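Coordinates in review
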2 protein chains.
Amino acid sequence: MTDPEKVQYYLEGVPTPETPQPGETPKPWQETRFVGKRLPRVDAYERVSGTAVYPVDVTLPKMLYGAILRCPHTHALVKQIDTQKARRMPGVHAVIGVNTLEADVPWSYKDRVSRRQSKLFDPHCRFEGEAVAAVAAETPYQAWDAAKAINVVYEILPFVADERTALNAGVAFVHEEGNQVSPPEPYGRGDATSGFTEADVILEQDYRTECEIHVPLEPHGCVANWDGDRLTIWESTQGVYKIQSDVAEALKMPLAKVRVIGQYMGGGFGSKLQAGKYTVIAALLARITARPVKLTLSREETYLAVGNRPPANMHLKAGVKKDGSLTALEFSCAATGGAYPAGGTSLVDWLIRDLYTCPNVRTLCADVYINAGPARAFRAPGHPQGAWALEQMMDALAEAIGMDPVDFRLKNIPLYSQARPGQQPYTTTGLRECLETGARAFGWREARDRISATGKSGKIRSGVGVAAGLWFAGGGRPPATIILKLFSDGSVNLNFGASDLGTGTKTVMALVVSEELGVAPEFIQIEHADTGTTQFATPSGGSKTVPTESPAVRAAAISVKQQLIAIAAKDLKIAAGDLYLQSGAVMSRTDPSKRIEIAQLSGLKDRGVVVGIGYRAPNPENKVVNPFVAQFCEVAVDMETGEVRIIRFLGAQDSGRVMSRLTYDNQVFGGITMGIGLAATEARVLDTSQTGKMVNRNGHDYKVPTILDVPDRMISLPIETNDAEANTTGAKGLGEPVTIPTAAAVANAVYHATGIRVTQTPINPVQLCWLLAKHRKEA
Amino acid sequence: MTDPEKVQYYLEGVPTPETPQPGETPKPWQETRFVGKRLPRVDAYERVSGTAVYPVDVTLPKMLYGAILRCPHTHALVKQIDTQKARRMPGVHAVIGVNTLEADVPWSYKDRVSRRQSKLFDPHCRFEGEAVAAVAAETPYQAWDAAKAINVVYEILPFVADERTALNAGVAFVHEEGNQVSPPEPYGRGDATSGFTEADVILEQDYRTECEIHVPLEPHGCVANWDGDRLTIWESTQGVYKIQSDVAEALKMPLAKVRVIGQYMGGGFGSKLQAGKYTVIAALLARITARPVKLTLSREETYLAVGNRPPANMHLKAGVKKDGSLTALEFSCAATGGAYPAGGTSLVDWLIRDLYTCPNVRTLCADVYINAGPARAFRAPGHPQGAWALEQMMDALAEAIGMDPVDFRLKNIPLYSQARPGQQPYTTTGLRECLETGARAFGWREARDRISATGKSGKIRSGVGVAAGLWFAGGGRPPATIILKLFSDGSVNLNFGASDLGTGTKTVMALVVSEELGVAPEFIQIEHADTGTTQFATPSGGSKTVPTESPAVRAAAISVKQQLIAIAAKDLKIAAGDLYLQSGAVMSRTDPSKRIEIAQLSGLKDRGVVVGIGYRAPNPENKVVNPFVAQFCEVAVDMETGEVRIIRFLGAQDSGRVMSRLTYDNQVFGGITMGIGLAATEARVLDTSQTGKMVNRNGHDYKVPTILDVPDRMISLPIETNDAEANTTGAKGLGEPVTIPTAAAVANAVYHATGIRVTQTPINPVQLCWLLAKHRKEA
């Protein structure tokens, strides 16, 4: 509890930033007092004490539990379904499925406007884990038992579980018209053929990244409750308004009758950007039973049915001059969105197109269907896959022309976005500084020298690797609306619609308010992520939440400040232009004796609050806002066991202004950890030949990196470009860039240590032992 | 559930009202489609199905129950208190009281700035029911048992329980400095002495109204819960922001750390305008136990400790000319706010000052302390008491000069507010029309003729009575802020801070949105009465909620409409001035083929919502906004048993525009019912001689009118003045005016039937039998 003797709402003695005139664009902050500082999360207490209520914690009176019966086959037709036994089991209140009316709700796995619609309960099950029926019962166990008691007769169909063979003759079709999603659209600029002619060195290589599962700590799930014809859903989601519109569209309801709340949630990484079938199923079960229904997926269900990072099969050919200039890049990729088209190849080629200056580029990405769960956006869709190929190739090219990998990259820093029409410049390009400052901070050259001096011998061998990246988005954009209420004592209520995925969104927004008003973050009450009570926001994803929302928060805070100063100007009989806000009071610049506390402003107690509304302004025209990143790591490889120990990692990132230093660093460490997962531990394993089923559908067999897999030494090095053009807070996206080059940096370090180029994820002992043996054999 | 085939968000074919330019004051509505119609309450389903959650329904995990030990003596000092036994009782988690730290929280019964502070647990108990200690336990029964097990030794002090003797010599002092609250301030205008000289008839009479208890159906109570140092309170209240500031001040907390929610509540009538000691006690118990605590008062506690309409002892002398002109009024009142000064005499003299044209007026109101629970605002503070005196006197004067009581009142209709300086005119004065149209609709003259013809004989005698009134407030005023979110499908979310006491506030506000946007009320989602998520509002009371909030709602809706039209103007490439909203589409006036659905507006889906913010504009300067009322009733009196049967009642009221006809009528019927309570059934009975204690502290002995006490025929007759000056919706206050003249009208009817002037409430068989006997004796 706040000690009243110590209450200090306001930063003592420090004026808040200048207050612009209404309509005027605020100037970038110069020195900050809250923004960018190492201040604790505003919801730290709730998170560590357990009082934070996640959707999985929501418990309503008379609540039932839902369970979904899922198809156990990779590809099958439901021929018969008998729910009689299930309906008679203890505690069961409702059973719905392919044989009930609810099956008719149209459904698309990608989004609500996809051409490829399935049904909510579709008798044609195109992947293992497809929903066939669902039960609501008094307890979760009763619900699961009843779901298992539903008797389904399937006609098992031939399947395809490997995207590399999906287009072969004689392979089973996932959809009637074949396995190609749509004819691939080639990208090209310049003339790759003549580019290769100019090259001194041409290298060519196949790469593959395995399919990853998002594995958020909180499984997908929701609680649905009806009051008459009004539906409330508590959902573990990245975007409450998206859930609202998905559910409203599926159930043909007006938006005003669907309220979605999702204030705490345990991670999403792209897999919780939209409603799931489970969301609509929970709503339907609740409607039928007239009881609230909680439906939380089991961990196994989340492995099968709610998204993945699709596997990518890539081929990259690159030409370079001896001076380090890239002359041509030619890239192809075959990937899969699973049984439903969800961007299998989306953005895999973006870095090849856009990261380095190269006049001649050709790419072709083909997406195919297989009988597996649908892909979903996954922290930097496509980018880590493309980086795996491009950044390993850059490493190889540098070696081939005898350049340092950092120098080689510096040679090809882009001046503008080449992948977009019109040579649009970046508002800021911190890539050079990420590489240079990062290399210096990491001790890149010293480490290279040290390792060269040691020589490539011994059981344990060290290596260092570098990789870079950019994230094609990350500038944020409208719309965003923020409402700020300043109470009569000067404490504040902040209202926004965005979800905080655990990334610190609430903390960042509070710090912006603190910066502008001088009020300490703990005196800011936050309401967010509720379509009923909070303002509109697009889902938190694409590293756009902070650059989208924070300028709107700043605008709202400035509006409050303008109103306070206007009231004070009347009270003090001084021109508003002479007044500024400091330590919870409005003061005169010219006459320090003229001063009035916020709480004393005329009529503020009667007026109750001062309301500020802030909108996100449009982005600059004809400019591109992108974050950049360079990462450096050192590994130690056991040449006998194939174990790779990552010794240390440094991430240098230009994500614009650091808004909250602690959560910023956490994002960096989290991104590196996730990249290590892609590099070294994670891979969905399908039994492609016998059954098509996923064989590692649990936390033991599907290996998410643990504390033992990440280095003790992780360093976050912000490269703070003063991006005044991007938006009024200068923040750019952070969450995604920091995971993009990680896996490639590890692979490059492993190459540096071993001389072995591991082109396929994961670099685990199984693969590395085999490669080491092959290497020894060839040597 | 909404049938998707029948969803009709918008009123077909009817254009919405004209959209003013930004900054322009909207014109009064001409023909309305939603406002004023007989449409069901928007929360009817929740209310009748039981899904509405009142504070008393809030149940949190691990919640404890609180109970308060109250002083059983009228006036006593706590000398010793032993809580050891209570602390050891099963389920008990905390005991606090006069001997613990919590006693030091300063407390005022009136408001947070009153001079007369007590302590939260004050060892000097100045009324029966004062809080001495409190307990939190696992169940309510454990809590009550433990509270009873607290052993308190009291020193019983002499008391005063009758305000009529409070200033007598030798009477016990409630507070150290004596029993007079403060020297009474006389009011005067003109020269009463010469006024009486001019009079042809002078009458003089004592009147008394008894003390009433509010008796809302839901007793006072709350649930308090802490998350770290942040407190959430669910309170049965008329104003969440007032509770927030009361609790924040008592506990010395910043407002941003106190969230108060009070969405449904079961009646207040003025007794729930502020936090109670129980609110702060619940918060403290919750803090000590680190568990949520529910504290609901028993019915008995609400009779003793949370407010009443103070008894009033009045004397009125009036002079009148034969032509019906009032020449002078002289009024005095002695009343009591109980042990703590809460406006015992507040506004009792207002009607004498202001209702009728009279050049010479003198009033004096004295407030004294007695050892009884504090008074509270009670539906039209002071006014029904004053009306009891004035309107009976008007009846008597009319008879004395041989004028019809209606004609006599019409003779003295005021042109401006006489009680306020500056002869400020009323925006509208519907009093004449209330009397004339009301009399016509009631059949006043026919009834008088019929009863005269029958003569005053027989066991059952009929009589008719009239009384009028005004409510000194009822115009509403700033501040009010409204936020409206129009979703991309055209359905709407409406956000306001005001409580809906059951009066239909939500329905009225929804109808305003419907009127402006054409969207049907059922497609409006409402969030209200939550300091965390909704906009600022002053407490719902003083008949000001509708005239305060509804113009702000209209402003917000107009802002949304302006934005929709601006977007459509771009889309259709038509000047905004040529466009209007109809049936969920923006259309051209000049070219009917140019039309665009709201849901199709460019970027609306991406933008997500259109946000409109609306503020309450200031009231007109130098004008007074007051509602007026006239009521007519017919009674049948059993001359043997003294039973009065109220046969029919008609209320004609100028409350400006009728906003929602069904809830409007409900308010009228409720006001009349409550006035019948004052007239005929309700009275707090104190044992003034022996113990000072209240002897009828339950629903059996304290008689709130039931369905059997109110007439079958109640008629609500709106006198709709088109009050374009008052505010943009034209609404004036309703809740209070409709109960002001009721009791006097009944008394006048009883006089008409019996010839007996009952000057003291209640007119129950006990009193009337006695008066009839006396009358027979005297006759």
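To be clear, the structure that these remarks concern was listed above.
Presented here is an overview of the structure given in this document. Because the structure is predicted, anything quoted here is derived from the model rather than measured. (Residues numbered from 1 in each chain as written. Chains lettered and ligands numbered in written order. Predicted model: local features only at pLDDT ≥ 70, side-chain atom pairs only at ≥ 80, totals over all residues. Heavy atoms only, no water.)

**A short note on the overall build of chain A**
Check the secondary structure of chain A and you find 18 helices and 28 strands. The C-alpha radius of gyration of chain A comes to 28 Å, within 12% of the 28 Å expected for a compact globule of 779 residues. Taken along its principal axes, the extent of the C-alpha atoms in chain A is 85 × 75 × 45 Å. Put simply, 80% of the contacts in chain A that link residues at least 6 apart link residues at least 24 apart. Carbon and sulfur atoms form 53% of the exposed surface of chain A, whose accessible area is close to 27,500 Å². (Helix = DSSP H or I, 4+ residues; strand = E, 2+ residues; numbered from the N terminus. Rg over C-alpha atoms; globule rule 2.2 N^0.38 Å. Contact = heavy atoms within 4.5 Å. Areas by Shrake-Rupley, 256 points an atom, 1.4 Å probe, with all protein chains shown as cover.)

**A look at unusual backbone geometry**
Omega for the bond connecting Pro478(A) with Pro479(A) falls within 30 degrees of zero, at 0°, which places this linkage in the cis form. On the secondary structure map, Pro479(A) appears in the loop between strand 18 (460-470) and strand 19 (481-487). The peptide bond linking Thr761(B) to Pro762(B) adopts the cis configuration, its omega dihedral lying at -10°. Relative to the helices and strands, Pro762(B) is located in the loop between helix 17 (742-754) and helix 18 (765-778). Located in the positive-phi region is Lys252(B), a residue other than glycine, with phi close to 55°. The residue Leu347(B) is not glycine, and still its phi comes out positive at about 70°. Within the secondary structure, Leu347(B) is located in the loop between strand 16 (326-338) and helix 8 (350-354).

**Some thoughts on the side chain of Gln244(B)**
Residue and element names in this part refer to chain B. As for its position among the elements, Gln244 is in helix 5 (residues 240-250). By relative accessible area, which is 2% here, Gln244 ends up buried. At a separation of 3.1 Å, a polar atom in the side chain of Gln244 contacts the main-chain carbonyl oxygen of Val258. (Buried < 20%, exposed > 50% of the residue type's maximum accessible area, 1.4 Å probe, protein only. Polar contact = N/O pair within 3.5 Å; in protein donor to acceptor, adjacent residues only side chain to side chain.)

**Brief notes about the interface of chain B and chain A**
With 56 residues of chain B at the contact, the number on the chain A side is 56 residues. Regarding the contact of chain B and chain A, the summed buried area is about 4,300 Å², with carbon and sulfur atoms giving 56% of it. At the junction of chain B and chain A, the tally comes to four salt bridges. A salt bridge links Glu522(B) to Lys257(A), with the nearest nitrogen and oxygen atoms 2.2 Å apart. Our count for the chain B to chain A interface comes out at 22 residue pairs in polar contact (both at pLDDT 80 or more). For the side of chain B that touches chain A, the secondary structure elements donating two or more residues are helix 1 (44-49), strand 11 (221-227), helix 5, strand 19 (481-487), strand 20 (492-496), strand 21 (524-528), helix 15 (604-607) and strand 25 (609-615) of chain B. (Buried area = accessible area lost by both parts, 1.4 Å probe. Salt bridge = Lys/Arg side-chain N within 4 Å of Asp/Glu carboxyl O.)

**With respect to the relation of the copies chain B and chain A**
By a simple turn and slide, chain B fits onto chain A: the slide is 0.1 Å along the axis, the RMSD is 0.1 Å, and the turn is 180°. The operation mapping one copy onto its partner corresponds to a two-fold rotation axis. Residue Thr533(B), judged by its C-alpha, is the member of chain B lying nearest the rotation axis, at 2.8 Å. Mapped onto chain A, 98% of the interface residues of chain B again fall at the interface, so both copies present the same surface. (Least-squares fit on C-alpha atoms with pLDDT ≥ 70 in both.)

**Brief notes about the packing of helix 16 (residues 661-681) of chain A against helix 17 (residues 742-754) of chain A**
All names here are of chain A. At a closest axis distance of 7 Å, the pairing of helix 16 and helix 17 adopts a crossing angle of 60°. For the element pair helix 16 / helix 17, the angle class is oblique. Classified by chirality, the crossing of helix 17 by helix 16 is right-handed. Of the residues in helix 17, those touching helix 16 at Gly671, Ile672, Gly675, Ile676, Leu678 and Ala679 are Thr742, Ala743 and Val746. Each residue belonging to the contact of helix 16 with helix 17 can be placed in one class, and the counts come to six nonpolar, three polar and no charged. (Axes fitted to C-alpha atoms, helices over the stretch in contact; angles between N-to-C directions. Parallel < 35°, antiparallel > 145°, perpendicular 65-115°, else oblique. Left-handed = near helix turned anticlockwise from the far one by under 90°. Nonpolar A, V, L, I, M, F, W, Y, C, P; charged D, E, K, R; others polar.)

**Remarks on the nonpolar core**
Membership of the largest hydrophobic core comes to 183 residues, with the highest contact counts inside it found for Val132(A), Ile281(A), Val132(B), Leu251(B) and Ile281(B). When neighbours within four sequence positions are excluded, Ile281(A) is seen to be in contact with Ile68(A), Ile96(A), Leu120(A), Phe121(A), Ala131(A), Ala134(A) and Leu295(A). (Core = buried A, V, L, I, M, F, W, Y, C linked by side-chain atoms within 4.5 Å.)

**Quick notes on the sheet that holds strand 23 (residues 585-588) of chain B**
Residues and elements named next belong to chain B. Taken in spatial order, the three strands of this open sheet run 22-23-24, and their pairing is antiparallel. Because the sheet does not close on itself, it has two edges, and the strands there are strand 22 (579-582) and strand 24 (595-597). Shown here is a sheet whose adjacent strand axes are inclined to one another by a mean of 25°, direction ignored. Taken together, the three bridges between strand 23 and strand 24 define a ladder with antiparallel strand orientation. (Pairing = 2+ DSSP bridges.)

**Remarks on helix 3 (residues 140-149) of chain B**
Residue and element names in this part refer to chain B. Inspection of helix 3 places Ala143, Ala146, Ala147 and Ala149 among the buried residues, and these make up the whole buried set. End-on, the buried residues of helix 3 take up no more than an arc of 160°, which puts them together on one face. Of the residues in helix 3, the exposed ones pointing more than 90 degrees away from the buried face are Tyr141 and Lys148. Looking at the packing, one finds that the buried side of helix 3 touches strand 1 (64-70), strand 2 (76-82), helix 2 (84-87), strand 3 (92-97), strand 7 (131-137) and strand 8 (151-156). (Arc of directions from axis to C-beta.)

**A closer look at the environment of Lys119(A)**
Residues and elements named next belong to chain A. Tracing the chain through its elements places Lys119 in strand 5 (residues 118-119). As a C-alpha pair, Lys119 and Pro184 span 65 residues in sequence and 27 Å in three-dimensional space. Beyond its immediate sequence surroundings of up to four residues, Lys119 is in contact with Ala103, Asp104, Val105, Trp107 and Lys277.

**Considering the packing of helix 9 (residues 383-401) of chain A against helix 17 of chain A**
Residues and elements named next belong to chain A. Viewed as axis vectors pointing N to C, helix 9 and helix 17 meet at an angle of 35°, and their least axial separation amounts to 8 Å. In the crossing of helix 9 with helix 17, the sense of the turn from one axis to the other is right-handed. Contacts from Ala387, Trp388, Glu391, Gln392, Asp395 and Glu399 in helix 9 reach Ala743, Ala744, Ala747, Asn748 and Tyr751 in helix 17. Class assignment for the residues of the contact of helix 9 with helix 17 results in six nonpolar, two polar and three charged.

**Remarks on the pairing of strand 25 (residues 609-615) of chain A**
All names here are of chain A. Within strand 25, five of the seven residues are buried, leaving the element largely enclosed by the surrounding structure. Relative to strand 25, strand 19 runs antiparallel, the two sharing seven bridges. Each residue of the ladder has a partner; that of Thr481, found in strand 25, is Tyr615.

**A short note on the pairing of strand 15 (residues 312-320) of chain B**
All names here are of chain B. With respect to burial, strand 15 is a largely interior element, seven of its nine residues being buried. By the bridge criterion, nine bridges tie strand 10 (residues 201-209) to strand 15 in an arrangement that is antiparallel. Residue Gln205 lies in a different strand from strand 15, and its bridge partner there is Leu316. When strand 15 meets strand 16, the two strands line up antiparallel, connected through nine bridges.

**A look at the sheet that holds strand 8 (residues 151-156) of chain A**
Residues and elements named next belong to chain A. Judged by pairing direction, the sheet is antiparallel, and its three strands sit side by side in the order 6-2-8 without closing on themselves. A single partner strand is all that each edge strand has here, and the edge strands are strand 6 (124-125) and strand 8. Bridge analysis of strand 2 (residues 76-82) against strand 6 gives two bridges, and the strand direction is antiparallel. Within strand 6, the residue paired with Leu77 across the bridge is His124.

Any functional reading would require information that these geometric values do not contain.
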